Amino acid sequence: MLLQQIMNGVTIGMTYALIAVGYSLVFGILRLVNFSHGSVYAFGANSILFLISLNIGIIPAILIGILLTGILGVLIDKTALEPLRKKSAEGITSLITTIGVSSVITNLLIARLGSQKKAFPALFPTGEIIVGSIKFTYTQIGMLVISLALLICLLLIVERTKIGLAMRASEQNITAAKLMGINVNFVISFTFFLGGMSAAIAGTLVSSYYNMAYPNMGYTAGLKAFAAAVLGGIGSLPGSLLGGLVVGISESFAATVLGSEFRDSMAFIILICVLIIRPNGFLGKKSIKKV
Amino acid sequence: MRDKKISFNNLEKFLYQPSVFMILTGAALAVLLIVPWLGLNSYLMNIVVKVAIYITLALGLNILVGYTGLVSLGQAGFVAVGAYATTILTKVYGWNFFTSLIVCVVLAAAVGIVIGLPSLRLTGTYLSIITLGFGEIIRTVIIVWEPLTNGPMGIRGIPRPALGGITFTMANSGMYYLSLLLMLLVMLFCRTLVRSKTGRALRAVKGDETAAVMMGINVTYYKVLAFVLAAVISALAGSLYSTQLGYIDQNTFTFDMSTIILSIVILGGMGTLRGMVIGSIILILLPELSRSLTDYRFVIYGLILILMMRFRPQGILGWKSRLPYPIRKTVIERISGPQNQTADDGETNHA
């Protein structure tokens, strides 16, 4: 029973980690909490559901949906955030802009698709493997494998490729990166693209796990993923994974031990405790404020 | 361009002359007092009351966002505290609405302190996230604490405020005058606050926290104070809002509500009082009047936020006032007094 709860928590926690990556990468470079990320996640799941309903086959629909969501991420950056960077506006203006973007995306989805929950097809065959007392459904295994593979991919991109090097350089010092000839705006757009894509993949996995998708799904998932990103140390990819797992497991326990009402606020309770005790998260670097 | 600025400056100077300002305020008050006799139907009157309540809420958030520079994304949580405190005391325990307000203020202040305390360690975005988390936790508390809050079922039939045999209802315009009174009191309070020592300290914290510390301002104290004031004002408005609605549950106080309040503050102009009025009128009145836009209402809110941040981050009615800062004569005397004295001393020493 205990192991089963951990297993369920890990499965859902991995998808939080995937969403958290988007927050983490963007925060690393821009020092901005991208509040629109939750709605990007919802857009991913809902657009894929919409594409599937067009009967173009499940795999092409998912691939196109993921690509579209990535492009949406770039679009958000280009239309709403880049002009603010050019003006070198205060941080709060960007923050409020992303809240606005989130409101626009979510409510356009509601207006076009309706706010009701719609059935999402299962992506993995039904069935389960029983190891000892734990039950692994194929869906859970599929989610775990895909999320883990994707996280490793992202880590490799950031650590091993040239664009990843540019991302890390921009993260350390955006002005110095510019002086070294890095096209910072491209790097930022690429970051948004990566974030959008991984959010769309997470959206697909979660929707098929719960068998439903709806426009408002991004709100709580986004907040929990953000909590996960902060927990693990925002700006750090392994931190996102750790944070996602902590949120997922604690949520799964809260739902069984305390009652399902506690599920959604568990992430915040942990988040607030961690922020007060260790504001930089588990794996975050300490930031020094220069006067 | 320059001419335009100068004429605008003159206009501002003209409008803020004590005599002109008094006349304008008097006229505005007179109009506000006769609103119930304009023959608006009950639907419109409900919206007018809602606008007044949202102006009050925006004024509360404005103390945080506009003057202290702390972005709170959990205002709905404070509103919920006030609404539930009053509702439970009046409906379950049969208290008078106005007595329950005292408890509501005390409770909100306590909650404000609790939420303000993390600001000891956290700044900027992290603090905003804490407030957001707080808003969500309050909703969970409402759901879980079922014996007291009736959980997800909500509370129905909230009694109207009554005092000395008179019940303040929508029909006898009592609700309107009550919300108007609260709005005006809060406005007066904010105006006094901004021009006081406390207000100057709050603005110093917004301007530059480090510099404020250097000037000997107890930054922590003023931040927590800002949270307490915002919480109390929001809770009071929330109490009134609950009696207007007559029914509350946890979904009355969602993140959307916090977004609307924040949008009002930003649209109108952070750090101004006039902005809160125009912001509420635009954001509450317009969507209600154009029912066909209901589906796209929050899309419009979002667009307003984006466009305002892009083109006019200071808000519609936000501008850098060119009027001299109204420092009271006693303060000037206190500041300039000793200076003259030292100058005199210096001279005498030289002589």
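About the thresholds
Residues numbered from 1 in each chain as written. Chains lettered and ligands numbered in written order. Predicted model: local features only at pLDDT ≥ 70, side-chain atom pairs only at ≥ 80, totals over all residues. Heavy atoms only, no water. Helix = DSSP H or I, 4+ residues; strand = E, 2+ residues; numbered from the N terminus. Expected span 1.5 Å × (residues − 1). Bend = angle between axes of the 7 residues up to and from the residue. Buried < 20%, exposed > 50% of the residue type's maximum accessible area, 1.4 Å probe, protein only. Axes fitted to C-alpha atoms, helices over the stretch in contact; angles between N-to-C directions. Parallel < 35°, antiparallel > 145°, perpendicular 65-115°, else oblique. Left-handed = near helix turned anticlockwise from the far one by under 90°. Nonpolar A, V, L, I, M, F, W, Y, C, P; charged D, E, K, R; others polar. Core = buried A, V, L, I, M, F, W, Y, C linked by side-chain atoms within 4.5 Å. Contact = heavy atoms within 4.5 Å. Buried area = accessible area lost by both parts, 1.4 Å probe. Salt bridge = Lys/Arg side-chain N within 4 Å of Asp/Glu carboxyl O. 1 Å grid on protein atoms, 1.4 Å probe; cavity = no way out; pocket = protein on both sides within 12 Å on 5 of 7 lines; lining within 4 Å. Points joined across faces, edges and corners; volume = space filled by probe spheres on them. Phe/Tyr/Trp six-rings, centres within 6.5 Å; stacked < 30°, edge-to-face > 60°. Polar contact = N/O pair within 3.5 Å; in protein donor to acceptor, adjacent residues only side chain to side chain.

Undergrad: In this structure, what is going on with helix α3 (residues 42-68) of chain B? I would like to understand it.
TA: For an α-helix, the turn length of 3.6 residues means that residues three or four places apart are oriented alike. All names here are of chain B. Its 27 residues give α3 an end-to-end C-alpha distance of 38 Å, which sits within 8% of 39 Å, the value for a rise of 1.5 Å per residue. Asn-62 marks the point of greatest bend in α3, at about 45 degrees. With 22 of 27 residues buried, α3 lies mostly within the body of the structure.

Undergrad: Explanation requested: the packing of helix α3 (residues 58-86) of chain A against helix α8 (residues 184-210) of chain A in the structure shown.
TA: The description of two packed helices rests on the angle between their axes and on the distance between the axes. All names here are of chain A. Running from N to C, α3 and α8 point in directions that differ by 140 degrees, and their axes come no closer than 7 Å. Compared by their axis directions, α3 and α8 come out oblique. As for how α3 packs across α8, the hand of that crossing is right-handed. Tallied by class, the residues present in the contact of α3 with α8 amount to twelve nonpolar, seven polar and four charged.

Undergrad: In this structure, what is going on with the nonpolar core? I would like to understand it.
TA: With 190 residues, the main nonpolar core has Phe35(A), Tyr54(B), Phe253(B), Met257(B) and Leu262(B) as its most contacted residues. Among all residues touching Phe253(B), those that are not within four sequence positions of it are Ala76(B), Val79(B), Ala80(B), Ala83(B), Tyr84(B), Arg139(B) and Ile248(B).

Undergrad: For this particular structure, what's the right way to read the interface of chain B and chain A?
TA: It is common to give the size of an interface as the accessible area lost on bringing the parts into contact. The interface of chain B with chain A comprises 35 residues on the first partner and 39 residues on the second. Between chain B and chain A the total buried area reaches about 3,300 Å² when both faces are included, carbon and sulfur atoms providing 79% of it. At the junction of chain B and chain A, the tally comes to zero salt bridges. Taken together, the elements giving at least two residues each to the side of chain B that touches chain A come down to α6 (124-144), α12 (255-268) and α14 (297-311) of chain B. Ranked by residues supplied to the side of chain B that touches chain A, first place goes to α6(B) with 13 residues. Here the residues of the side of chain B that touches chain A sort into 24 nonpolar, seven polar and four charged.

Undergrad: What is the right way to look at unusual backbone geometry in this model?
TA: Generally, phi is negative for residues other than glycine and the peptide bonds are trans, each holding for most cases. All names here are of chain B. Here the phi dihedral of Asn-150 falls at roughly 65 degrees; this positive angle occurs in a residue that is not glycine. Looking at the secondary structure, you find Asn-150 in the loop between α7 (146-149) and β1 (162-163). A positive phi angle is found at Ser-173, which is not glycine, with a value near 60 degrees. With respect to the element layout, Ser-173 can be found in the loop between β2 (166-167) and α8 (174-194).

Undergrad: Can you help me understand the layout of surface pockets in this one?
TA: Empty space among the atoms can be located by rolling a probe the size of a water molecule over them. By volume, the second largest pocket amounts to about 1,100 Å³. Secondary-structure elements contributing two or more residues to the lining of the second largest pocket are α1 (2-30), α2 (37-53), α4 (91-113), α8, α9 (217-232) and α11 (263-277) of chain A together with α12 of chain B. No other element matches α9(A), which puts nine residues into the lining of the second largest pocket. Residue classes in the lining of the second largest pocket are distributed as 20 nonpolar, 14 polar and seven charged.

Undergrad: Please explain empty space enclosed by the protein as it appears in this structure.
TA: Summed over all chains, the structure comprises three cavities of 30 Å³ or more. In this model, the largest cavity occupies a volume close to 50 Å³. In terms of lining residues, the largest cavity is bounded by Tyr219(A), Leu73(B), Gly74(B), Ala76(B), Gly77(B), Leu132(B), Gly135(B), Glu136(B), Phe253(B), Thr254(B), Phe255(B) and Ser258(B). Elements with a minimum of two residues in the lining of the largest cavity: α4 (75-92), α6 and α12 of chain B. Sorting elements by how many residues they give to the lining of the largest cavity places α6(B) first, with three residues. The residue makeup of the lining of the largest cavity, split by class, is six nonpolar, five polar and one charged. Roughly 40 Å³ of internal volume is contained in the second largest cavity. Lining the second largest cavity are Gly22(A), Val26(A), Asn34(A), Ser36(A), His37(A), Val40(A), Gly73(A), Ile76(A), Phe192(A), Gly195(A) and Gly196(A). The set of elements that each furnish at least two residues to the lining of the second largest cavity consists of α1, α2, α3 and α8 of chain A. If you tally residues by element for the lining of the second largest cavity, the top one is α8(A), at three residues.

Undergrad: I'm lost on the packing of aromatic side chains in this one. Help?
TA: For any pair of aromatic rings, the description rests on two quantities: the centre-to-centre distance and the angle between the ring planes. Tallying each qualifying case throughout the model produces eleven aromatic pairs over all chains. For the ring pair Phe186(A) and Phe190(A), a centre distance of 6.4 Å and an interplane angle of 25 degrees mean the geometry is stacked. Within this pair, Phe186(A) and its partner Phe190(A) are both found in helix α8, separated by four residues, close to a single helical turn. Judged by its relative accessible area of 47%, Phe186(A) is partly exposed. Look at Phe97(B) and Phe98(B): their rings are 5.2 Å apart centre to centre, the planes differ by 90 degrees, and that puts the pair in the edge-to-face class. Its relative accessible area of 5% is what places Phe97(B) among the buried residues. An aromatic cluster of three or more residues is present, and its members are Phe97(B), Phe98(B) and Phe168(B).

Undergrad: For this particular structure, what's the right way to read the environment of Val158(A)?
TA: Residue and element names in this part refer to chain A. Relative to the assigned elements, Val-158 resides in helix α5 (residues 138-160). When its relative accessible area of 8% is taken as the criterion, Val-158 is described as buried. The spatial distance from the C-alpha of Val-158 to the C-alpha of Thr-191 is 10.0 Å, given a sequence separation of 33 residues. With residues up to four places along the chain from it excluded, the contact list for Val-158 reads Leu-25, Gly-164, Leu-165, Met-167, Arg-168 and Leu-237.

Undergrad: Before we go on, may I ask you to explain the side chain of Ser234(B) in this structure?
TA: You can see Ser234(B) is positioned in helix α11 (residues 219-245). For Ser234(B), the contacting residues outside a window of four places in its chain are Leu57(B), Gln75(B), Phe78(B) and Val79(B).

Undergrad: Which parts of the structure should I look at to understand the packing of α3(B) against helix α9 (residues 197-207) of chain B?
TA: Residues and elements named next belong to chain B. As a packed pair, α3 and α9 sit with axes 8 Å apart at the nearest point and diverge in direction by 55 degrees. Taken together, α3 and α9 sit at an angle that is classed as oblique. Residues Ile-63, Val-65, Gly-66, Tyr-67 and Thr-68 of α3 lie in contact with α9, whose contacting residues are Leu-202, Arg-203, Val-205 and Lys-206. Grouping the constituent residues of the contact of α3 with α9 by class yields five nonpolar, two polar and two charged.

Undergrad: Whenever I open this one, the environment of Thr68(B) confuses me. Can you help?
TA: Mapping Thr68(B) onto the fold places it in helix α3. A polar side-chain atom of Thr68(B) sits 2.8 Å from the main-chain carbonyl oxygen of Ile63(B).

Undergrad: Honestly, the pattern of salt bridges in this entry has me stumped. Any pointers?
TA: Should their charged atoms come close, side chains of opposite charge can pair. Residues and elements named next belong to chain A. Tallied over the entire structure, the rule returns seven salt bridges over all chains. When the shortest N-O distance is used, the salt bridge between Glu-159 and Arg-168 registers 3.9 Å. The class of Arg-168 is partly exposed, set by a relative accessible area of 27%. A salt bridge links Glu-251 to Lys-224; its shortest N-O distance comes to 3.5 Å. Of this pair, Glu-251 sits in helix α10 (residues 237-257) while Lys-224 sits in helix α9, and the two are 27 residues apart along the sequence.

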